[in-house]
Amino acid sequence: MSDSPSSSTSDSSSMASVHQTVRRSQRNTDSSQVVASESRHWRDVFWLGIFIIHLAGLGFVLAVLGINRFKISDRLNIDRYTQGLWENSHGLTETYWPKYALAGGVGTILGWIWLLLLGSHVNQMMKVSVHILTTYLAVISVLCFWCNQFFWGVAFAIAAALQFLYVMSVIDRLPFTMLVLQKAAKMVWSLPEVMRVAYAFMLVMLLWMALWSFGAAGVVASSMGDGGRWWLLVVSWKVLYFISICHYCNENCSKLVLEHVLLVLTPDMLPSMMQVLSVSLFWTGAVLCNTVHVIVSGMVFLVLIHDGRESSSMPPKPLMKSLQYALTTSLGSICYGSLFTAAIRTLRWEIRGVRSKIGKNECLLCCVDFLFNLVETLVRFFNKYAYVQIAVYGKGFNRSARDAWELFQSTGVEALVAYDCSGAVLLMGTLLGGLITGTCAGVWTYIQWKDRVIMVGSTAMLMGMVLVGIAMVVVESAVTSMYICYAEDPLLIHRWDAEFFNQISETLHQRLQYRSARAREVLTHNQLDGHIQETLSV
């Protein structure tokens, strides 16, 4: 998609907007020290309490499900309470648990490799993710057909087609996206303490997955048969991954259609216990990812505003401060935002997709515009850039989201954010890591139980996605922080990297020109329609 030519008036207005952005009020070192050192209050405490209560309950349920079939079938004599829901077969938890252990190990190794290669080979890794993913999805589709798994073969074939079409549709945006990701990786790589935090949280997620897979293996052992109850586990992990990484996925990311296809084709009658378990799982995954997001965002913002981590004005122990805030006063806001942000962003993406395909059906367009404006209002209160405001200022989630969105709209940076598809590229890498993980576990399962390959492989794939997604969120956090800094004071980016500042400013100028030309085109079209209707009425 290329920018349309515009008149000298639009050129001057767009350039004026850019200059106005550059002349915005600048933060000095003294004010930043006040922001960093001021006392913080606990925010969204209610949601923190709800999260802790649900986490304790979920851990108990998972432990019971796993122990009930560990070495002895129906050890706790609870099968009598599940009659009619599960088949209550005589399988054992330890039969399936090692397959999930392999998936967790492979996913962790892939995440660590990603972090280790972040500084030197980020461009190559991103290009591999973008261009290899389509081929890998197609290969998995062929393997599914070979194993007589028609549904999954079709699903992966559709995913491969959507991936190819999406890359073709945004191929002109990829150079700018790669530039942004390269600079974000450069920033994160210069902060080794942030990398250590990512490693630590990946281990925390791995421990959580050990508990989840223990309970899941118990459910598989007790209820997996021709009734198709193993679909419940697939749905559970799909929802977990979907919410965990959707918070940094660009709204144009077509690969999310795969998740919608799977959910639509999944049986609708799910036991209420599994519904509750699914909600608990995706909320927990999202909270862990967004906690990393807040920690990294806080560090990146401090580095940019103090002109380097070695600056004398840098507050003492900045990482410990960011970690302390993320795990105490701001944790309630993280829990609150993690529950709603992804769902609203996905709804916004779907409405925008429908809106672009309506054409000239004015009645339908009016209805969709109403829904779009409603969701846009919700986006003001639920968006991923809120986590930067939470990290830096310690605000509540709704206020942070509103302030970030108003900042982007008032400065024109929202046009730049909409053009960037770094979130989609990171999602491609996450999906590729998940597919590799699922393939490893699936091959092992195929050797022993050919009828359980899809069951174990699908859940193992989503385990890998979550683990690799934690590594990806480190880069995405740096991207969001750089956009917030550029919107608040562009000279913060200029001091850090003058060449990048010039490139991002030029791209913003081009996007403002394009939007101005499109606005004039729509206005002209509406005026022409009005004249035609007046002529016909006469």
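Quantities reported herein were computed from a predicted structural model and do not represent experimental measurements.

How each quantity is defined
- Residues numbered from 1 in each chain as written.
- Predicted model: local features only at pLDDT ≥ 70, side-chain atom pairs only at ≥ 80, totals over all residues.
- Heavy atoms only, no water.
- Helix = DSSP H or I, 4+ residues; strand = E, 2+ residues; numbered from the N terminus.
- Contact = heavy atoms within 4.5 Å.
- Areas by Shrake-Rupley, 256 points an atom, 1.4 Å probe, with all protein chains shown as cover.
- Salt bridge = Lys/Arg side-chain N within 4 Å of Asp/Glu carboxyl O.
- Buried < 20%, exposed > 50% of the residue type's maximum accessible area, 1.4 Å probe, protein only.
- Polar contact = N/O pair within 3.5 Å; in protein donor to acceptor, adjacent residues only side chain to side chain.
- Core = buried A, V, L, I, M, F, W, Y, C linked by side-chain atoms within 4.5 Å.
- Axes fitted to C-alpha atoms, helices over the stretch in contact; angles between N-to-C directions.
- Parallel < 35°, antiparallel > 145°, perpendicular 65-115°, else oblique.
- Left-handed = near helix turned anticlockwise from the far one by under 90°.
- Nonpolar A, V, L, I, M, F, W, Y, C, P; charged D, E, K, R; others polar.
- Patch = residues over 30% accessible without salt bridge, like charges linked within 9 Å, V, L, I, M, F, W, Y side chains within 5 Å.
- Expected span 1.5 Å × (residues − 1).
- pLDDT = per-residue confidence, 0-100.
- Phe/Tyr/Trp six-rings, centres within 6.5 Å; stacked < 30°, edge-to-face > 60°.
- Lys NZ or Arg CZ within 6 Å of the ring centre and 35° of its normal.

(A) Main features of the overall build of the chain. Looking only at helices and strands, one finds 21 helices and 0 strands in the chain. In the chain, the proportion of contacts linking residues at least 24 apart, taken out of those at least 6 apart, comes to 82%. Here the chain displays about 22,900 Å² of accessible surface, and carbon together with sulfur accounts for 65% of that area.

(B) Main features of the pattern of salt bridges. The tally for this structure, following the rule as stated, stands at 4 salt bridges. With a shortest N-O distance of 3.7 Å, Arg 399 and Asp 403 are connected by a salt bridge. Of the two residues, Arg 399 and Asp 403 both sit in helix 16 (residues 397-411), 4 residues apart, roughly one turn of that helix. Judged by relative accessible area, Arg 399 falls into the partly exposed class, the value being 46%.

(C) Structural context of the side chain of Asp 420. Here Asp 420 lies in the loop between helix 17 (413-419) and helix 18 (422-448). Side chain to side chain, Asp 420 and Ser 422 meet in a polar contact 2.8 Å long.

(D) Geometry of the nonpolar core. By size, the foremost hydrophobic cluster in this structure holds 133 residues, and its most contacted members are Trp 114 and Tyr 483. The leading source of residues in this core is helix 19 (residues 453-488), at 25 residues. Ignoring anything within four residues of it in the chain, the contact list for Trp 114 reads Met 125, Met 126, Leu 426, Ala 471, Met 472 and Val 475.

(E) Representation of the packing of helix 5 (residues 122-146) against helix 7 (residues 174-189) within the structure. Interaxial distance between helix 5 and helix 7 falls to 10 Å at its minimum, and their mutual angle equals 135°. Classified by the angle between their axes, helix 5 and helix 7 sit oblique to one another. Crossing geometry of helix 5 relative to helix 7 is assigned as right-handed. Contacts between helix 5 and helix 7 involve Val 122, Asn 123, Met 126, Lys 127 and Val 130 on the former and, on the latter, Leu 174, Met 178, Leu 181, Gln 182 and Ala 185. Within the contact of helix 5 with helix 7, the residues separate by chemical class into 7 nonpolar, 2 polar and 1 charged.

(F) View of a nonpolar patch on the surface. Taken together, the side chains of Ile 109, Ile 113, Leu 116 and Leu 117 make up a nonpolar region of the molecular surface, amounting to roughly 350 Å² of accessible area. Along the polypeptide, Ile 113 turns up in helix 4 (residues 93-116). Given the relative accessible area of 40%, Ile 113 is considered partly exposed.

(G) Just helix 15 (residues 386-393), in detail. Of all 8 residues making up helix 15, 8 are buried, and the element is well covered by its neighbours. Turning to helix 15, its buried residues number three or more, namely Ala 386, Tyr 387, Val 388, Gln 389, Ile 390, Ala 391, Val 392 and Tyr 393.

(H) Quick peek at the packing of helix 15 against helix 19. Viewed as axis vectors pointing N to C, helix 15 and helix 19 meet at an angle of 75°, and their least axial separation amounts to 9 Å. Judged on the interaxial angle alone, helix 19 and helix 15 are roughly perpendicular. From helix 15, Val 388, Gln 389 and Tyr 393 reach across to helix 19, where they touch Thr 480, Ser 481, Ile 484 and Glu 488.

(I) Highlighting the environment of Leu 206. Along the chain, Leu 206 falls in helix 8 (residues 192-223). Look at Leu 206 and you get partly exposed, because its relative accessible area is 27%. Here the alpha-carbon distance between Leu 206 and Gly 107, two residues 99 residues apart in the chain, equals 9.0 Å. Residue contacts for Leu 206: discarding those within four places in its chain leaves Gly 104, Thr 108 and Leu 467.

(J) Focus on helix 16. Here helix 16 is 15 residues long and its end C-alpha atoms lie 21 Å apart, about the 21 Å a rise of 1.5 Å per residue gives. Where helix 16 terminates, the next one or two residues include Gly 412, which has phi positive at roughly 85°.

(K) Inspection of the confidence of the model for the chain at higher detail. Per-residue confidence for the chain gives a mean pLDDT of 75, with 70% of residues at or over 70. Across residues 1-37 the pLDDT falls below 50, and counting only partners more than four positions away or on other chains, this stretch makes 58 contacts in the model. Confidence over residues 224-275 falls short of pLDDT 50; this stretch has 149 contacts with residues more than four positions distant or in other chains.

(L) View of the packing of aromatic side chains. The tally for this structure, following the rule as stated, stands at 17 aromatic pairs. Note on Tyr 385 and Phe 408: the rings are 4.8 Å apart at their centroids and 90° apart in plane angle, and the pair reads as edge-to-face. Residue Tyr 385 is found in the loop between helix 14 (362-379) and helix 15, and its partner Phe 408 is found in helix 16; the two are separated by 23 residues along the sequence. Each member of the pair, Tyr 385 as well as Phe 408, carries the same accessibility label: buried. Seen from their ring centres, Trp 496 and Phe 500 are 6.3 Å apart, and the 90° between their planes marks the pair as edge-to-face. Given a relative accessible area of 1%, Phe 500 falls into the buried group. One aromatic cluster is present, formed by Phe 46, Trp 47, Tyr 336, Tyr 387 and Phe 397 through successive ring pairs. Sitting over the ring of Trp 444, Lys 99 keeps its end group 4.4 Å from the ring centre. We note Lys 186 situated over the ring of Trp 496; from NZ or CZ to the ring centre the distance is 5.3 Å.

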